[in-house]
Amino acid sequence: MKKTIIEIGGIDGVGKSTQVKLLYNYFSKKGLEVFIPDPVVYFNSDYPQSLEERRGWYISKDPREIAKINLVGAKRRNDLCQNIKSDIILLDRGYITTKSSAIARLIKTKTFKESKKIVDTLCQDIHYVPIEDFHIIYFAEIKLIKQRFLGITTEFEQYLNNFRIAIDAVSLEHNNIYRIDSHQDEKGVTNKTLEYIL
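Residues numbered from 1 in each chain as written. Predicted model: local features only at pLDDT ≥ 70, side-chain atom pairs only at ≥ 80, totals over all residues. Heavy atoms only, no water.

Engineer: What's the story with the overall build of the protein in this structure? I'm lost.
Structural biologist: Helix and strand counts for the protein stand at eight helices and five strands. In the protein, the order of α-helices and β-strands from amino to carboxyl end is β-α-β-α-α-β-α-α-β-α-α-β-α. Computed over C-alpha atoms, the radius of gyration of the protein comes to 16 Å, within 12% of the 16 Å expected from 2.2 N^0.38 for 198 residues, which places it in the range of a compact globule. Along the first, second and third principal axes, the C-alpha atoms of the protein reach 45 × 35 × 35 Å. A total of 198 residues make up the protein; the buried ones form 47% of that total. Across the protein, the fraction of contacts at a sequence separation of at least 24, relative to all contacts at a separation of at least 6, is 79%. As presented, the protein carries roughly 10,300 Å² of accessible surface, and 50% of it is formed by carbon and sulfur atoms. (Helix = DSSP H or I, 4+ residues; strand = E, 2+ residues; numbered from the N terminus. Rg over C-alpha atoms; globule rule 2.2 N^0.38 Å. Buried < 20%, exposed > 50% of the residue type's maximum accessible area, 1.4 Å probe, protein only. Contact = heavy atoms within 4.5 Å. Areas by Shrake-Rupley, 256 points an atom, 1.4 Å probe, with all protein chains shown as cover.)

Now the structure itself:
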């Protein structure tokens, strides 16, 4: 079988990590070799490794620097994935999600158009391009995501809204994108995902 690389994407709280595990189990039971690379944070030493450090870092660090660090980590992860021989590679936060998150970080201080232009230039400078065969983008209403994140701040809610806007815009520039409502039960979401992939 030809190697297939699949982005499991969407904003925080839509169930990406859960779907990665369920898809891993499905493909493994079919006898396929599945590889799940580490999150982007482990591919760039400039990225704080502990969750507590990252929380403060996101508030105090220049958003452009955060965007660059994320994109560099994602590019390094892509380089690794292209050398992996597994049948299936599942990327928790692939190209569309990572790029959109970078744009959403910049919208704090720039317009959407300016933010996207900066991120487009950063991607070109480091040669970060999509390697996925499929982009599965999960979505859910913010009010449902807020139920999953207890004590969500106003600033983080704004980031999620900007993130969703960015995903919508970046998705228009690419093919093989499938959007799935993650409100339904986990297995229902997995089955819908498999309909697109298989």
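Now that the structure is up, let's keep going.
Engineer: What am I meant to see in unusual backbone geometry here?
Structural biologist: When glycine is set aside, most residues are seen to have a negative phi, and most peptide bonds are trans. Here Arg93, not a glycine, exhibits a phi torsion of approximately 75°, which is positive. Relative to the helices and strands, Arg93 is located in the loop between strand S3 (88–92) and helix H4 (95–106).

Engineer: It is not clear to me how the nonpolar core should be interpreted in this structure. Could you clarify?
Structural biologist: Counting 44 residues, the largest nonpolar core has Ile6, Ile11 and Tyr138 as its most contacted members. The residues contacting Ile11, other than those within four sequence positions of it, are Lys16, Tyr138, Ile142, Ile145, Leu160, Phe163, Arg164 and Ile167. Core analysis: the next-biggest nonpolar cluster, separate from the first, contains six residues, Cys81, Ile84, Leu91 and Ile131 among them. (Core = buried A, V, L, I, M, F, W, Y, C linked by side-chain atoms within 4.5 Å.)

Engineer: Any chance you could explain the packing of helix H3 (residues 63–82) against H4 here in plain terms?
Structural biologist: What describes two packed helices is the angle between their axes and the distance between those same axes. It is the contact of H3 with H4, at a shortest axis distance of 8 Å, that shows an interaxial angle of 170°. Put simply, H3 runs roughly antiparallel to H4. Two secondary-structure elements touch here, H3 through Pro63, Arg64, Ile66, Ala67, Asn70, Leu71, Ala74 and Arg77 and H4 through Thr98, Lys99, Ala102, Arg105 and Leu106. Among the residues forming the contact of H3 with H4, the class breakdown is seven nonpolar, two polar and four charged. (Axes fitted to C-alpha atoms, helices over the stretch in contact; angles between N-to-C directions. Parallel < 35°, antiparallel > 145°, perpendicular 65-115°, else oblique. Nonpolar A, V, L, I, M, F, W, Y, C, P; charged D, E, K, R; others polar.)

Engineer: Can you help me understand the sheet that holds S3 in this one?
Structural biologist: Within a sheet, adjacent strands bond to each other through the backbone by hydrogen bonds, running parallel or antiparallel. Taking strand neighbours across the sheet as the criterion, the five strands line up as S2-S3-S1-S4-S5 in an open arrangement whose pairing is parallel. Taken across any chain shown, the strands that pair with only one partner, and hence form the sheet edges, are strand S2 (34–35) and strand S5 (177–181). (Pairing = 2+ DSSP bridges.)

Engineer: Looking at this model, I keep getting lost on the packing of aromatic side chains. Mind explaining?
Structural biologist: To describe a pair of aromatic rings, one takes the distance between the centres and the angle between the planes. Under the criterion given, the structure shown has nine aromatic pairs. Centroid distance Tyr178 to Tyr196: 4.5 Å. Interplanar angle 20°. Geometry classified as stacked. Here the residue Tyr178 occupies a position in strand S5, and Tyr196 occupies one in helix H8 (residues 186–197), the gap between them amounting to 18 residues. Here the aromatic residues Tyr47, Trp57 and Tyr58 are joined through ring pairs into a cluster of three or more. (Phe/Tyr/Trp six-rings, centres within 6.5 Å; stacked < 30°, edge-to-face > 60°.)

Engineer: Can you walk me through the state of the cysteines in this structure?
Structural biologist: By definition, a disulfide links the sulfur atoms of two cysteines through a covalent bond. Inspection of every chain in the model, using the stated rule, returns zero disulfides. The thiol of Cys81 is unpaired, and the distance to the nearest cysteine sulfur, on Cys123, comes to 16 Å. On the basis of relative accessible area, Cys81 is assigned to the buried category, the value being 0%. Since its relative accessible area comes to 4%, Cys123 is described here as buried. (Disulfide = S-S within 2.5 Å.)

Engineer: Quick question: what am I supposed to make of helix H1 (residues 16–29) here?
Structural biologist: Think of an α-helix as 3.6 residues a turn; residues three or four steps apart then line up on the same face. Relative to the 20 Å expected for 14 residues at 1.5 Å per residue, H1 spans 20 Å between its end C-alpha atoms, a close match to the ideal helical length. When we look at burial in H1, the residues that qualify are Lys16, Gln19, Val20, Leu23 and Phe27. End-on view of H1: buried residues confined to an arc of 105°, all on one side of the axis. H1 presents Lys21 and Lys29 as exposed residues on the side facing more than 90 degrees away from its buried surface. The inward-facing, buried residues of H1 abut strand S1 (4–9), S2, S3, strand S4 (134–139) and H8. (Expected span 1.5 Å × (residues − 1). Arc of directions from axis to C-beta.)

Engineer: Would you mind going over the pairing of S3 with me for this structure?
Structural biologist: The side chains of a regular strand alternate between the sheet's two faces. Among the five residues of S3, four are classified as buried, and the element is accordingly described as predominantly covered. Strand direction decides the pairing type here: S1 and S3, joined by five bridges, are parallel. Bridging across to S3, Ile6 finds its partner in Leu90. Relative to S3, S2 is paired through two bridges, and the arrangement is parallel. Across the sheet, the residue bridging to Val34 is Ile88, located in S3.

Geometric values such as these leave the question of function open.
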